[in-house]
Amino acid sequence: MHANVTMTPEELRADVPALQDGAYFNFGAHGPSPSYVVDAADEFVREHEYDAPIADDPYGTAFRAFDRTRERVASFVGAEPDEIALTESTTAGINAIAGAIDWRPGDVVVRTDLEHPAGILPWQRLEREGVEVRVVETDAGRVDPDRFAEAVSDARLACFSAVTWTHGTRLPVTELVDIAHDAGALALVDAVQVPGQLSLDVGEWGADAVAAAGHKWLLGLWGGGFLYVDRDVASGLEPRAVGYRSVETPTADRYEYATGARRFEVGSANPGPHVALREAIDAIDEVGVDRIEERVHRLAGRLADGVPDDRLHSPSAPESGLVTIGVDEPAATVERLADDGIVLRELPSPNAVRASVHAVNTANEVDRLLERLEREW
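Note that the coordinates shown come from a computational prediction; the quantities given were computed from them, not determined experimentally.

Cut-offs and rules
- Residues numbered from 1 in each chain as written.
- Predicted model: local features only at pLDDT ≥ 70, side-chain atom pairs only at ≥ 80, totals over all residues.
- Heavy atoms only, no water.
- Pairing = 2+ DSSP bridges.
- Helix = DSSP H or I, 4+ residues; strand = E, 2+ residues; numbered from the N terminus.
- Axes fitted to C-alpha atoms, helices over the stretch in contact; angles between N-to-C directions.
- Patch = residues over 30% accessible without salt bridge, like charges linked within 9 Å, V, L, I, M, F, W, Y side chains within 5 Å.
- Areas by Shrake-Rupley, 256 points an atom, 1.4 Å probe, with all protein chains shown as cover.
- Salt bridge = Lys/Arg side-chain N within 4 Å of Asp/Glu carboxyl O.
- Lys, Arg positive; Asp, Glu negative; His and termini not counted.
- Charge placed at Lys NZ, Arg CZ, Asp CG, Glu CD.
- Buried < 20%, exposed > 50% of the residue type's maximum accessible area, 1.4 Å probe, protein only.
- Polar contact = N/O pair within 3.5 Å; in protein donor to acceptor, adjacent residues only side chain to side chain.

**Q** What am I meant to see in the sheet that holds strand β12 (residues 352-356) here?
**A** The strands making up a sheet are joined through hydrogen bonds of the backbone, oriented either antiparallel or parallel. Spatial strand order, β9-β12-β11: 3 strands in an open sheet with antiparallel pairing. This sheet does not close on itself; its edge strands, each paired only once, are β9 (322-326) and β11 (345-347). Mean inter-strand twist for the sheet, computed between neighbouring axes without regard to direction, equals 35 degrees. Direction of pairing for β11 relative to β12: antiparallel, over a ladder of 3 bridges.

And the structure:
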């Protein structure tokens, strides 16, 4: 496929059909796929439906595909294959952890006020069962570790983002994980804005679980998510959703959960998006995450430099490709820019639009965006 071949960001861009017409700045929501990522899923589905029923076994074909993707994801994020569960999305991963703990009335969950709905709604659901949800207030995309420590002192679990979707700031993940662990709480990280634009090493973070997906900066397909769970932690978690993929022996009189993270996989699912995820990771690795990070920093910096200080909600020296820019009418601005072939998104809070700058963007596109935004200020 793509092993050991060097590819430039420009070559990767040329492989993405959606980027050939218009300036796309919405990778933080959806990363359009290269043609070979779509082809990989398409070819697998054809093999699974046309060839495997007679020439092989559809279940064997699917399970081998799942195994290969688990191995590929594990090597990409610094984990072991048995610490990776293949999920549909980040939301599914967070829910899987939320549903695997025996919650009691009075238990405490801590989150920040910067979380995506994926990191808010599962805890709201638990409030109906008497779980207390504490929200740590932040300032301009920053978490005060002391305030976090105070909130988590008697908590059962803390959930927070590695990169904030509202400001593009990087939270001090390792420090927050250590604080949670010192308090005896589990640490669950929403990392969806990391893989594909920044390096990710779950070992360095030390978190108990990390949820992510491949359809943003990795340029994979929808449905190709993954969940890292530390193997020792996994052994103490009992998912509420159980199926033949989550147990050691599906037909046993008394089931035992599968060892490691695989207990979070439930039943039959289309392997296509996870075949595509493997292909997408290969492509990102070919360009090189370090090179992507450096180019993202340069291009996002070019954008931030052109935004007036009173309009910039993200750091003036960007910490990711997410750059949040205050405008008076976010929805109307997004619409007007779309009419000019420039794609970004509005944010519910702050009153702003968010540009997601990837390595496949160009300096000319950034300049074009700035020129167009000046009419909105």
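Here the narrative resumes, following the displayed structure.
**Q** Could you clarify how one ought to interpret a negative patch on the surface in this entry?
**A** A cluster of acidic side chains, namely D144, D146, E150, E175, D178 and D182, defines a negative patch on the protein surface. For the negative patch, the secondary-structure elements that each account for two or more residues are α6 (145-152) and α7 (173-182). If one sorts the elements of the negative patch by residue count, α7 sits on top with 3 residues. The topology assignment puts D182 in helix α7. Classification of D182 by relative accessible area gives exposed; the value is 71%.

**Q** Please explain the pattern of salt bridges as it appears in this structure.
**A** Close approach of charged atoms allows side chains of opposite charge to pair. Tallied over the entire structure, the rule returns 24 salt bridges. Among the ionic pairs, D67 bridges to R70, the shortest N-O distance being 2.7 Å. Of the two residues, D67 and R70 both sit in helix α3 (residues 58-77), 3 residues apart, roughly one turn of that helix. Its relative accessible area of 8% is what places R70 among the buried residues. Residue E376 is joined to R372 by a salt bridge in which the shortest nitrogen-to-oxygen separation is 3.1 Å. What emerges from the salt-bridge pattern is a single network uniting E329, R336, D340, R372 and E376.

**Q** What exactly am I supposed to notice about the environment of H30 here?
**A** Inspection of the secondary structure puts H30 in the loop between β1 (23-24) and α2 (35-55). Of the residues examined, H30 reaches a relative accessible area of 30% and is grouped as partly exposed. Separated by 210 residues in sequence, H30 and R240 place their C-alpha atoms 30 Å apart. Within the structure, the side chain of H30 is placed 2.8 Å from the side chain of W222, a separation counted as a polar contact.

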